[in-house]
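Structural characterization, general
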Amino acid sequence: MAAPRNRKHIIVSGKPTAEAYKPHGRKIDIPKPPAPASRAAHGKALKQALESAVVEAHQRRTDAGIQVHGAVPGLYVQFESQPGVPLNLSSLEDARQGIELVAVSHSQTEEAELRRVERATVFVPEGKVKHFVTRFERYAKTTPKSKGERRHEEMLDPVAALRLSTLRGLWTDAPEVYPEDHETIWWEVWLRRQDGSELARLMEFAGRRQVDVAARRLQFDDRIVTLVRATAEQLSDSIDVLNDLAEVRRAKETATVFSDMAPDEQGDWVEELSARTTPPAAAAPAVCVLDTGVTRGHPLLAASLAASDCHTCEPAWGAHDHDGHGTEMAGLALYGDLTPVLAGSGPVQLRHGLESVKILPPNGQNPPELYGAITAEATSRVEIQAPDRQRCFSMAVTALDERDRGQPTSWSAAVDALAAGRALDASSKGLVYLDDGNEPVRRLFVVSAGNVDGSALQIAHLERSDTDAVHDPAQAWNALTVGAFTEKAIVQDPQWSGWQPVAHAGDLSPWSTTGVVFADAWPIKPDVVFEGGNIVKNAKGEVDFPCPDLCLLSTHYQPAQKPLVLSWATSAATAQAARMAAIIAAEYPTLWPEAVRALVVHSAEWTARMQTHLRGASGKRARARLVRRYGFGVPSLSRALRSAGDALTLIAQGSIRPFVDGKMREMHLFDLPWPREVLQGLGETPVRLRVTLSYFVEPNPGRRGWKKRHCYASHALRFEVKGPTESVEEFRKRLNRRALDEDEAKPATGGDSSEWYLGEQARNHGSIHSDILQGFAADLAERGVIGIYPVSGWWKDQPKRDRSEKGARYALVVSIETPGVETDIWTPVAQQVGVPVAIET
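Structure report, in brief.

Analysis parameters
- Residues numbered from 1 in each chain as written.
- Predicted model: local features only at pLDDT ≥ 70, side-chain atom pairs only at ≥ 80, totals over all residues.
- Heavy atoms only, no water.
- Core = buried A, V, L, I, M, F, W, Y, C linked by side-chain atoms within 4.5 Å.
- Buried < 20%, exposed > 50% of the residue type's maximum accessible area, 1.4 Å probe, protein only.
- Contact = heavy atoms within 4.5 Å.
- Helix = DSSP H or I, 4+ residues; strand = E, 2+ residues; numbered from the N terminus.
- Pairing = 2+ DSSP bridges.
- Phe/Tyr/Trp six-rings, centres within 6.5 Å; stacked < 30°, edge-to-face > 60°.
- Lys NZ or Arg CZ within 6 Å of the ring centre and 35° of its normal.
- Axes fitted to C-alpha atoms, helices over the stretch in contact; angles between N-to-C directions.
- Parallel < 35°, antiparallel > 145°, perpendicular 65-115°, else oblique.
- Nonpolar A, V, L, I, M, F, W, Y, C, P; charged D, E, K, R; others polar.
- Disulfide = S-S within 2.5 Å.
- Polar contact = N/O pair within 3.5 Å; in protein donor to acceptor, adjacent residues only side chain to side chain.

Observations concerning the nonpolar core
Considering soluble globular proteins, one finds that nonpolar side chains tend to be buried as a cluster. W187, I359 and L689 are the most contacted members of the largest nonpolar core, which has 133 residues in total. Ignoring any residue separated from it by four or fewer positions in sequence, one finds L689 in contact with W674, V721, W756, D771, I772, L773, L780, V814, S815 and I816. Of all hydrophobic cores here, the second largest spans 86 residues; its members include L273, A617, F632 and I768.

Shown next, in the form of structure tokens:
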């Protein structure tokens, strides 16, 4: 029997050892693309195509018949790869010449065996065409190559063709949502930041072409994003006369909220619960609900939500809840599922409060908003009102579709930038660091994965969920993305006689979307799953919802009519996750948002039903695919808050400087307080080690191939655990080339990824990495040293924008469990670090 969880986690206060770091070299064999039959002919053809593009660009500019003041003349050239061969993207741009890679897209060939074709669109300023002409001429030479002579084969062998780009060449969204020529849509327009006049030029162009530009905008370091309402035909001229465009996408629309269905009037229950509830202290952390507003007059919410903490992004919208979804989320974020709370009789002590920002307009006919900008405005409003309050943001609002499939968007990148410490500059609408001498405010965003559409629900629900990708902005690297599972699998209501639950208890909820279809480069999403309810099926194979037995219960936005409402899906799951995060923050107020996220994930376990699927997976790749369905499992509040005698959790927080001058800078080494003697005494008793590393990256969201200077994440970190037979010195040498003596080779043994449940290839995605190691206690006794080291990111490849000197924060959570063994591994470690041995009753 497991020991009770009645001891606080141990926060490791000592700093790790930092040392200069250089990774060991890795030989990566990159296959060379096949050379064309004649490089001379190929080079000549490319030169002719470029010369034709220059002529065509001048003609198109003349035909457009307008000039925009301050626009730098130039042309957009699109390079197309050979099928199945990636372009050498970095060779296609030259910042010194003003030649910039602006957009990269892909398509498939129409062959029996599909091959990918890559297209890169490059802006070439007028007068800089010679840069490419010279390379084409060198490439086409047939004379013997002299020593050191460059003929740019690595650049041009992969290129099949080039052409003058059209507006479609800047399209980085899903091909199937590109509009017809005369179809008017809202476009998400990404502008290249150059001289500060980009928006003025866009507005001048819009006035000439009589198209609408939305009021909101969002600025990243090298991009400005705004919305333009136009046809493709109207916007096409911009590529010839404006030359500020980087890429275009279709604007996002947010999901509609489910219609409400409540149980019988239960006002007396609400009154009774309100009487036995103690509201949170004034200085308590808060869950900030970003939704449709909240009805603060609800008797279960009023004492936890001050009028001054109810905000709206547009004064005309009002801060009240016009729909019901926001109040529904607020009840779950404060109490969790109200069913067991109302049925209980004991006192309820709330440890956290609520805030609300209305981010959705009351009129469904409003034009699409730039939701990244709205999210930034929402965070700004609550932080101005209560700048010192700890909070997490709960956002159960997502885009309608899943077409991004893990690729960053302006919305998900805004969430990442805000999480990493950027704030909204009210004057420029830019996401900037407020260099006021204080540490940037990091933020925890808890975001719903998004739902399978109600009309698409089916009995084979896992197949459906595995093909429905999480919705924007749930792919955000720094967010805690929440999917839904269910334990609700019993139908008792006689009104639903003859209907059975679709999902088995402990499995994924039929509502939940997943990250199964994400490319390997993107993070594991969802991160975790919480209760999201179930749906029912009948003998005819029909499905239906909502069945009250299979739903959660929350607060209704019109309490005078009915105080309670049914709730379900990933929205309900997200609000519960935010509640857990706020309770952790209240219990451990010194923990950073990175650490709170780490504890939620670290506390998660796969249910028995999930483990059945995981055990059936053949190999780690199949196992990794299932983790993209379930995340890291179902979090446990007791595990997140407390250790036990036989279950020790250590928490460390640090700040590393990953790079300097375009090179790796340092790594960290933790020699953790460790129950070494107790573990040695347990010999070959099976024990479990779990490690979770959490950090926030700074985004680089333009779709330009995601490589080197254009990769999305500013940096990435990895953890490594000392092997049971390694000395600390051998461990250092295995990780760090700088630790080797002159002419000394890297140690051949020590690290073994095969011991870990997921392994390096599966776990090292995104900005939170968690893995489990099962082994003998005596071996684990020697594994109390953990290394944290950087891998590449755009900070390294763009030294002028590198913020490494200011430090990149991270949280490390390590736990040891000795299941089925009566022992105490917590007390020896508490004594080592000087923590009072307090055991709660």
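We are not done yet, so read on.
Concerning the pairing of strand β33 (residues 666-671)
In terms of burial, β33 is largely enclosed, as five of its six residues are buried. Two elements, strand β3 (residues 17-20) and β33, share four bridges in a ladder whose sense is antiparallel. Within β33, the residue paired with T17 across the bridge is L669. One ladder, built from four bridges, connects β33 with strand β37 (residues 785-791); its direction is antiparallel. Note that in β37 the partner of L669 across the bridge is G787.

A look at the packing of aromatic side chains
All told, the structure shown has 17 aromatic pairs when counted by the stated rule. The interplanar angle of 90 degrees and the centroid separation of 6.3 Å between the aromatic rings of F670 and Y810 together place this pair among those described as edge-to-face. Residue F670 is located in strand β33, and its partner Y810 is located in strand β38 (residues 808-817); the two are separated by 140 residues in the primary sequence. On the accessibility criterion, F670 (3% relative accessible area) is buried. On the basis of relative accessible area, Y810 is assigned to the buried category, the value being 0%. Feature note: the residues F79, F132 and F136 constitute an aromatic cluster, connected by ring pairs. The ring of Y178 is capped by R168, whose NZ or CZ atom sits 4.0 Å from the centre of that ring.

Topic: the packing of helix α10 (residues 371-385) against helix α11 (residues 410-419)
Remark: α10 packs on α11, axes separated minimally by 7 Å, with the N-to-C direction vectors making an angle of 25 degrees. Considering their axes alone, α10 and α11 lie roughly parallel with respect to each other. Contacts between α10 and α11 involve Y371, G372, T375, A376 and T379 on the former and, on the latter, S410, W411, A414, V415 and L418. Residue classes in the contact of α10 with α11 are distributed as six nonpolar, four polar and no charged.

Focus: the sheet that holds strand β11 (residues 245-250)
Strand order in this open sheet of four strands is β9-β10-β8-β11, and the pairing throughout is antiparallel. The open sheet terminates on both sides in strands that have one partner only, identified here as β9 (212-219) and β11. Strand-to-strand twist across the sheet, computed as the mean angle between neighbouring axes with direction ignored, equals 25 degrees. As defined by bridge partners, β9 adjoins strand β10 (residues 223-230) across five bridges and the pair is classed as antiparallel. Considered in β10, the bridge of D212 is made with R229. Strand contacts of helix α4 (residues 198-209): β8 (185-192), β9 and β10, with the helix running at about 10 degrees to β10, the strand carrying the most contacts.

Considerations on the state of the cysteines
Considering all chains together, one arrives at zero disulfides under this definition. Note on C288: no disulfide assigned, nearest cysteine sulfur contributed by C392 at a separation of 8.7 Å. What makes C288 buried here is its relative accessible area of 0%. With no disulfide partner, C551 has as its closest neighbouring cysteine sulfur the one in C547, 6.8 Å distant. Overall, C551 belongs to the buried group, its relative accessible area being 4%.

Observations concerning the side chain of E118
For E118, the location among the structural elements is in strand β6 (residues 116-125). In this structure the side chain of E118 is engaged in a polar contact, spanning 2.7 Å, whose partner is the backbone nitrogen of L87. Of the polar contacts made by the side chain of E118, one reaches the side chain of H106; its length is 2.9 Å. Sequence-distant contacts of E118, defined by excluding residues within four places in its chain, comprise F79, E80, S81, P86, L87, L89, V104, S105 and H106.

Some thoughts on the environment of P658
With respect to the element layout, P658 can be found in the loop between β30 (647-656) and β31 (659-660). The class of P658 is buried, set by a relative accessible area of 0%. For the pair P658 and P279, spaced 379 residues apart in the sequence, the C-alpha separation amounts to 43 Å. Aside from chain neighbours lying at most four places away, what touches P658 is K663, M664, R665, E666, H715, P790, W795, S804 and A808.

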